[in-house]
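Geometric and topological summary
What follows is the residue order along each chain.
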Amino acid sequence: MANKPDIYAGIDFDELNEVTGLESDEIKCLKTCFDLFDAKKQEFLSADDLDEILRAMGFRPSKEELMEILAEIDEDGSGEIEFGEFCQLCAKFLVEDPDIETMKRELKDAFRIYDKAGEGFITMDTLRGLISELLAPLTDDELDGIIEELDEDGSGTMDFDEFCEMMMSAPQN
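Now for a quick tour of the structure. Since the structure is predicted, the reported quantities are computational estimates derived from the model, not experimental observations.

Remarks on the state of the cysteines
- According to the stated counting rule, one finds 0 disulfides in the structure shown.
- With no disulfide partner, Cys29 has as its closest neighbouring cysteine sulfur the one in Cys33, 4.6 Å distant.

Have a look at this one:
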């Protein structure tokens, strides 16, 4: 181990913490990720690398969105993303809360998955299956209680607004 170079040498943890709000252990984790994507050991990532990273994180940016993100984080305009810039990018996803419009769009996409017929609602049977999958293991009584609570109007269905309310409300302890 003594011959291995310190991969964290040269990282100003205090400065990165101040700029990004990330903790030292998060910065170390990001350095490991950065090094994995920096296969050529150039100490920077390209726009193609950035696209690959975002896709690995579950985002599907268009070319325009990718260029906007790159322009926003590439402070020195080099077209290359150095480690500090990479940390700032990741901090956006790790620290910031998504805005309401983004959340609504994502919830709409999720709602459509369960509203297969496009009727504008999902049945409590569909919701029952979803909840039992997400919150397993639940007893039938617990599941009935949750469904009863969610189906306030007793309609046996949940529309998009009710779905949003359910998904965006803080869990009660």
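Let us keep going from here.
Details of the side chain of Asp115
- Tracing the chain through its elements places Asp115 in the loop between helix H6 (100-114) and strand S1 (121-123).
- One buried charge, Asp115, has no salt-bridge partner; the nearest side chain with opposite charge is Arg112, at 7.4 Å.
- In terms of polar contacts, Asp115 uses its side chain to reach the backbone amide nitrogen of Gly120, at 2.8 Å.
- Every residue in contact with Asp115, bar those within four places of it in the chain, is listed here: Gly120, Phe121 and Ile122.

Topic: the pattern of salt bridges
- Throughout the structure, instances matching the rule amount to 4 salt bridges.
- Across the pair Asp35 and Lys31 runs a salt bridge, and its minimum N-O distance is 3.0 Å. Residue Asp35 and its partner Lys31 are both found in helix H2 (residues 24-37); the two are separated by 4 residues, about one turn of the helix. One exposure class covers both Asp35 and Lys31, and it is buried.
- With a closest N to O distance of 4.0 Å, Glu43 and Lys31 form a salt bridge.

Overview of the packing of helix H3 (residues 47-56) against helix H4 (residues 63-73)
- Relative to each other, H3 and H4 sit at 110°, their axes nearing to 10 Å. The angle between H3 and H4 falls in the class roughly perpendicular. Contact residues: H3 offers Ala47, Leu50, Asp51 and Leu54, while H4 offers Leu66, Met67, Ile69 and Leu70.
- Of the residues assigned to the contact of H3 with H4, the class counts are 7 nonpolar, no polar and 1 charged.

Conventions adopted
- Residues numbered from 1 in each chain as written.
- Predicted model: local features only at pLDDT ≥ 70, side-chain atom pairs only at ≥ 80, totals over all residues.
- Heavy atoms only, no water.
- Disulfide = S-S within 2.5 Å.
- Helix = DSSP H or I, 4+ residues; strand = E, 2+ residues; numbered from the N terminus.
- Buried < 20%, exposed > 50% of the residue type's maximum accessible area, 1.4 Å probe, protein only.
- Lys, Arg positive; Asp, Glu negative; His and termini not counted.
- Salt bridge = Lys/Arg side-chain N within 4 Å of Asp/Glu carboxyl O.
- Polar contact = N/O pair within 3.5 Å; in protein donor to acceptor, adjacent residues only side chain to side chain.
- Contact = heavy atoms within 4.5 Å.
- Axes fitted to C-alpha atoms, helices over the stretch in contact; angles between N-to-C directions.
- Parallel < 35°, antiparallel > 145°, perpendicular 65-115°, else oblique.
- Nonpolar A, V, L, I, M, F, W, Y, C, P; charged D, E, K, R; others polar.

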